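Fold and contact review
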Amino acid sequence: MKRDQVFEFFRRLAEANPSPTTELESENPYTLLVAVVLSAQATDASVNIATRPLFARIRTPEQMVAFGEDALREAIKTIGLFNTKAKNVIALSQALMAHHNSEVPRTRDELQALPGVGRKTANVVLNTAFGEETFAVDTHVFRVCNRTGLAPGKTVEEVEAKLEKAVPQPFRRDAHHWLILHGRYTCKARLPECWRCPVIDLCRYRPKTLPPEERAKPSDARSGSRASSAARTATGRKPRTPSANRSRSRPSRLP
Ligand code: SF4
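Residues numbered from 1 in each chain as written. Predicted model: local features only at pLDDT ≥ 70, side-chain atom pairs only at ≥ 80, totals over all residues.

Okay, the site of the ligand next. Looking at the ligand, there are 13 residues lining it, with Cys187, Pro192, Cys194, Cys197 and Cys203 nearest. Across the shell around the ligand, the residue classes break down as eight nonpolar, two polar and three charged. (Near = placed C-beta within 6 Å. Nonpolar A, V, L, I, M, F, W, Y, C, P; charged D, E, K, R; others polar.)

Within the element layout of this structure, Arg59 appears in the loop between helix 3 (44-57) and helix 4 (61-67). Take Arg59: there are 16 C-beta atoms within 10 Å of it, and that puts it in the partly exposed class. The spatial distance from the C-alpha of Arg59 to the C-alpha of Val34 is 9.7 Å, given a sequence separation of 25 residues. Those residues within four positions of Arg59 in sequence are excluded, and the remaining contacts are Glu27, Asn28, Tyr30 and Thr31. (Helix = DSSP H or I, 4+ residues; strand = E, 2+ residues; numbered from the N terminus. Buried ≥ 20, exposed ≤ 12 C-beta atoms within 10 Å, placed from the backbone. Contact = placed C-beta atoms within 7 Å.)

Here we come to the packing of helix 2 (residues 29-38) against helix 6 (residues 82-99). Running from amino to carboxyl end, helix 2 crosses helix 6 at an angle of 155 degrees, the nearest separation of the two axes being 10 Å. In terms of orientation, helix 2 and helix 6 fall into the roughly antiparallel class. Note on packing geometry: the crossing formed by helix 2 with helix 6 is right-handed. On helix 6, the residues touching Val34, Val37 and Leu38 of helix 2 are Lys85, Asn88 and Val89. Here the residues of the contact of helix 2 with helix 6 are counted per class, giving four nonpolar, one polar and one charged. (Axes fitted to C-alpha atoms, helices over the stretch in contact; angles between N-to-C directions. Parallel < 35°, antiparallel > 145°, perpendicular 65-115°, else oblique. Left-handed = near helix turned anticlockwise from the far one by under 90°.)

In structure tokens, the structure reads:
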């Protein structure tokens, strides 16, 4: 994607959502760090359900250590990998007390030295808690960057490096929030909702998904005139053979 297209891409996402932020609920940098650790391979919604009552009582490393691993495991048992996560949260809380005066550190190296904290978690905390221009690449960001051609890469590290280079001001600070939200609600994994996408003309993904009302249903392929009409809507021309008709009716997408 060219420079001016990247600018326009983010300009439109920013226009649609001027103040994006994480959907994880937290009370302070410490609870944000805990929430992000808990969110690995889990949805933000499932983490919020568990942390809402937890963070009503526990907002500091000291309180968490006093709460204890068994109680924490019970409190987060609805979240995937809760055993390992409970261990890590207690260990990272002890490390914060021992080495950081119970404060969340502001450097990537110090964050990544904490139990259960990887590069993505450090990026989210640096960005959301401390306003740094970091680019956390999760599954949504990875997909959107590759599909659209914004920052294609085979690994999350490669995508992150390309975002670092490509994203212009004034969008650098909020870029990863826009990309996550765009991937979560519009450019979805199974069926991107291209028909209502604000960056459809900038995106190189093909074929684009048609609006639901224009998509041919499997039953249409079996019924002559309806199938014919649906396929014409999707492609702009009538299929030449019955097999072409069937294949066009299934993908529900426009080349
Ligand atoms: S046009 Fe479709 S594939 Fe491209 S960004 Fe939008 S939703 Fe995703």
